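Topology and contacts: notes
What follows is each chain in one-letter form.
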Protein chains: 2
Amino acid sequence: MKVTIYDVAEKAGVSIATVSKVINNTGNMRESTRQKVMRVMEELNYYPSVMASALTGKKTQTLGLLVPDISNPFFSEMARTIEDSAHEQGMSVIMCSTDEDEEKEKKYLELLRRKQVDGFIIASSFREKKLLEGIKSAGIPMVMLTQNSGTLGVTSISVDDFTGGYEATSHLLSLGHENIVIITEPRLSSKMRLYGFREAYETYGFSYKEELVMETVASMENGKQCFQEIFQKKKRPTAVFACNDLIAIGVIQGAREHGLNIPEDLSIVGFDNTILATTTVPSLTTVAQPIKEMGKKVVDVIVDHIQHGEKNAERILFKPTLIARDTTGKPHKNG
Amino acid sequence: MKVTIYDVAEKAGVSIATVSKVINNTGNMRESTRQKVMRVMEELNYYPSVMASALTGKKTQTLGLLVPDISNPFFSEMARTIEDSAHEQGMSVIMCSTDEDEEKEKKYLELLRRKQVDGFIIASSFREKKLLEGIKSAGIPMVMLTQNSGTLGVTSISVDDFTGGYEATSHLLSLGHENIVIITEPRLSSKMRLYGFREAYETYGFSYKEELVMETVASMENGKQCFQEIFQKKKRPTAVFACNDLIAIGVIQGAREHGLNIPEDLSIVGFDNTILATTTVPSLTTVAQPIKEMGKKVVDVIVDHIQHGEKNAERILFKPTLIARDTTGKPHKNG
DNA sequence: TTGAAAGCGCTAACAC
DNA sequence: GTGTTAGCGCTTTCAA
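Residues numbered from 1 in each chain as written. Chains lettered and ligands numbered in written order. Predicted model: local features only at pLDDT ≥ 70, side-chain atom pairs only at ≥ 80, totals over all residues. Heavy atoms only, no water.

In the nomenclature of an unreviewed UniProt entry, chain A corresponds to LacI family DNA-binding transcriptional regulator from the organism Gracilibacillus dipsosauri.

**Here we look at the pairing of strand E8 (residues 239–242) of chain B**
Residue and element names in this part refer to chain B. Taking every second residue as pointing to the same face, both faces of E8 are buried, with Ala239 and Phe241 on one and Val240 and Ala242 on the other. Judged from the 4 bridges that link them, strand E6 (residues 180–184) and E8 form a sheet pairing that is parallel. In the strand pairing of E8, Ile180 is matched with Ala239. In terms of strand pairing, E8 meets strand E9 (residues 267–272) through 3 bridges, oriented parallel. (Buried < 20%, exposed > 50% of the residue type's maximum accessible area, 1.4 Å probe, protein only. Helix = DSSP H or I, 4+ residues; strand = E, 2+ residues; numbered from the N terminus. Pairing = 2+ DSSP bridges.)

**Some thoughts on the pairing of strand E11 (residues 315–318) of chain B**
All names here are of chain B. Residues Ile316 and Phe318 of E11 are buried on one face, while the alternating residues Arg315 and Leu317, pointing to the opposite face, are not. By the bridge criterion, 4 bridges tie strand E5 (residues 156–159) to E11 in an arrangement that is parallel. Bridging across to E11, Ser156 finds its partner in Arg315.

**A few points about the protein's contact with DNA strand D**
Residues in contact with DNA strand D amount to 28 residues; listed here are only the nearest, A:Ile5, A:Ser20, A:Tyr46, B:Ser15 and B:Thr18. Separating a phosphate oxygen of DNA strand D from a side-chain N or O atom of A:Asn24 is a distance of 3.0 Å. Taken together, the elements giving at least two residues each to the surface near DNA strand D come down to helix H1 (5–12), helix H2 (16–24) and helix H4 (50–55) of chain A together with helix H2 (16–24) of chain B. Tallied by class, residues from the surface near DNA strand D come to 13 nonpolar, 12 polar and 3 charged. (Near = heavy atom within 4 Å. Polar contact = N/O pair within 3.5 Å; in protein donor to acceptor, adjacent residues only side chain to side chain. Nonpolar A, V, L, I, M, F, W, Y, C, P; charged D, E, K, R; others polar.)

**Side note on the sheet that holds strand E3 (residues 119–122) of chain B**
Strand order in this open sheet of 12 strands is E11(A)-E5(A)-E4(A)-E3(A)-E1(A)-E2(A)-E2(B)-E1(B)-E3(B)-E4(B)-E5(B)-E11(B), and the pairing throughout is mixed. Edge strands, defined here as strands with exactly one partner in the open sheet, are strand E11 (315–318) of chain A together with E11 of chain B. Between one strand axis and the next, the sheet turns through 20° on average, direction left out of account. Pairing between strand E1 (residues 62–67) of chain A and strand E2 (residues 92–97) of chain A: 6 bridges, direction parallel. (Axes fitted to C-alpha atoms, helices over the stretch in contact; angles between N-to-C directions.)

**Section: the sheet that holds E8(B)**
Residues and elements named next belong to chain B. Taken in spatial order, the 6 strands of this open sheet run E7-E6-E8-E9-E10-E12, and their pairing is mixed. The open sheet is flanked by strand E7 (213–215) and strand E12 (321–323), the only strands paired with a single partner. Each strand of the sheet is rotated relative to its neighbour by a mean of 20°, with strand direction disregarded. Strands in contact with helix H11 (residues 245–257) are E6, E8, E9 and strand E10 (285–288); relative to E9, the strand with the most contacts, it is inclined by about 155°. (Contact = heavy atoms within 4.5 Å.)

**Comments concerning the pattern of salt bridges**
Enumeration over the complete set of coordinates arrives at 26 salt bridges over all chains. A salt bridge links A:Lys106 to A:Glu110; the nearest nitrogen and oxygen atoms lie 3.8 Å apart. In this pair, A:Lys106 and A:Glu110 are both assigned in helix H6 (residues 102–114), 4 residues apart and thus about one turn of the helix distant. Across the pair A:Lys224 and A:Glu257 runs a salt bridge, and its minimum N-O distance is 3.0 Å. Taken as a pair, A:Lys224 in helix H10 (residues 220–232) and A:Glu257 in helix H11 (residues 245–257) lie far apart in primary sequence, 33 residues in all. When salt bridges with common partners are traced through the structure, they connect A:Asp69, A:Asp99, A:Lys104, B:Arg80 and B:Asp84 into a single cluster. (Salt bridge = Lys/Arg side-chain N within 4 Å of Asp/Glu carboxyl O.)

**A few points about the interface of chain A and chain B**
Contact residues are listed per partner, giving 53 residues for chain A and 54 residues for chain B. Roughly 4,800 Å² of surface becomes buried between chain A and chain B when both sides are summed, with 61% attributable to carbon and sulfur atoms. Three residues, A:Met51, A:Met95 and A:Arg114, lead the burial of chain A against chain B; their summed loss comes to 16% of the area buried on that side. Scanning the region where chain A abuts chain B turns up 4 salt bridges. Connecting chain A to chain B are 28 residue pairs in polar contact (both at pLDDT 80 or more). Of all the secondary-structure elements, those providing two or more residues to the side of chain A that touches chain B are H4, E1, helix H5 (73–88), E2, H6, H11 and helix H12 (275–279) of chain A. A breakdown of the residues in the side of chain A that touches chain B according to their chemical character gives 26 nonpolar, 15 polar and 12 charged. By the bridge criterion, 3 bridges tie E2(A) to strand E2 (residues 92–97) of chain B in an arrangement that is antiparallel. Looking at E2(B), one finds that A:Met95 is bridged to B:Val93. (Buried area = accessible area lost by both parts, 1.4 Å probe.)

Shown next, in the form of structure tokens:
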């Protein structure tokens with residue numbers, strides 16, 4: 001049925017050890033033997049089993065990627081670069097969308113562990129850090145993406161969220177907005193962005209108030225709903241800073257449905273700079289994360305850990321870039 | 001180091017066979033033994049190795065998914081539902097973005113084969129059908145997604161592209177457009193949509209001409225470029241039917257940059273109904289594919305093949321739905 | 001330069 | 001009800 005190393009060995013008239021050597025390019029042998037074996041492998045359409053070789057202590061050449069939602073453009077764009085970089089190293093990636101749900105996080109982590117992935121890329125939140133500790137103490141390489149690892153002590157790759165939040169906010173403040181709402185997500189990165197928001201607010205001499213902060217899970221629908229709330233506030237804000245593009249887009253849609261003009265009646269800043277930011281009209285002012293570089297870096301790091309063992313945990317921060325487009329402007333005098 | 005079935009057996013004071021039985025819920029045994037083994041597995045943090053069990057003839061519980069580009073919202077939305085359905089069945093999915101590149105298709109197919117995935121979901125084009133024949137003749141389950149399998153004889157899941165193309169086009173024709181350009185992709189699905197386009201064109205009594213057809217690879221950038229070409233045509237078309245949303249959005253952007261009003265100066269219809277269709281302004285008239293149902297169906301089918309063997313190849317067509325939004329309207333008299 | 005054989009972690013008869 | 005054992009397909013000493 002399935003062709004194995006034995007079939008190849010037999011047909012080539014050598015031992016399986018020899019075949020194994022040509023597969024892995026190890027040991028020495030007569031060039032003619034190597035050629036012959038190669039030829040037979042071709043003829044027989046032989047594909048060495050990764051399973052079997054993994055069982056003997058080799059790697060599975062597989063990475064586990066846990067993201068909140070692969071259909072969120074931010075993560076799908078990230079996944080794409082991760083996938084490409086991984087494939088360059090001969091590794092494939094198993095994707096898992098957790099919805100930031102603790103049950104799923106646990107389940108997928110276990111599943112991937114049973115599949116002996118060589119390493120984990122964690123972009124989901126894992127409020128329950130114990131789950132991650134298990135894999136850390138098992139010595140399986142792991143790196144955090146778009147968030148730092150807190151007390152866990154593994155290397156993390158993210159954008160400088162504090163600065164990103166600061167820049168988004170001061171862009172708005174410098175345009176003259178004084179009543180800005182921030183919509184956060186229940187993630188660590190949002191927390192840092194919120195601190196940046198606060199810092200900017202106070203730097204500009206305004207007093208930061210709790211009531212400026214809203215929280216929701218990333219989706220367009222939820223963004224729309226946030227707009228509703230904002231719309232009903234007594235003292236209506238003139239600007240909103242959404243912690244990601246998806247939410248920002250939802251706010252825009254909500255605003256349009258209520259007949260507001262953007263940015264005249266409401267300025268909006270997003271975060272991520274996904275494809276959505278450029279396709280919406282007016283195009284979205286947002287804080288760009290260097291998705292491609294981050295994706296590439298994260299596999300470089302994990303592959304390095306896999307091959308050369310865990311290094312000291314680093315915290316790698318990428319620089320966010322404010323991209324001013326058309327959803328931000330000066331507030332109306334009577335805003 | 002790694003805890004194995006032996007460690008569990010030893011600590012529980014039973015044989016590995018017994019442990020294996022509790023893992024797989026097979027055979028009978030005293031309830032107390034089962035309990036004890038379970039407890040020890042917990043204590044030891046034991047994760048049965050999928051590798052090892054796969055080696056003994058069991059499945060790997062892994063699906064291979066080949067798409068052109070996971071960062072295209074159509075495919076990322078599809079991937080999400082596939083992933084969810086697969087996880088419900090205890091399977092995970094390895095994603096591969098081929099860019100419709102033959103080299104990559106070949107490489108990823110081999111890699112996945114070496115990893116002994118239980119089945120393939122093929123949404124990439126595979127112009128070189130020989131590649132797929134290999135896996136078919138190896139008896140590995142496979143199903144085509146968003147395209148039918150041609151002479152390959154495997155079951156396929158797609159939308160009724162012909163009808164979709166027909167409806168998109170007659171929507172435009174019935175609005176009074178007479179000079180419509182279609183932008184296709186180099187994929188089989190586009191070919192069917194083109195036939196639908198042609199059929200509609202002729203049904204309405206107009207003569208279809210080759211020069212109405214453009215072809216490009218799906219991306220916003222390419223959509224923009226197509227607009228350039230359209231813009232320069234002597235007899236400027238009043239409408240375009242793009243074979244997917246990404247391209248359609250590109251056309252919209254191109255048109256806006258040239259100061260055209262949509263739909264007054266140019267009507268546009270897309271295909272897929274991804275998130276992009278709702279976030280753009282004006283919102284995109286497009287032909288919806290039931291992404292969720294298709295994704296669910298495709299894993300149902302593949303799982304069934306894996307478990308009960310290949311059935312007769314079916315061709316499963318889902319119904320496309322034209323969603324008229326704001327990028328289509330009557331043509332200008334002097335269009 | 002090549003091969004024999006032990007072992008990776010598990011499953012599935014088949015004994016006891 | 002429970003254990004023994006022969007593989008699964010491969011890698012890797014160690015001998016020859």
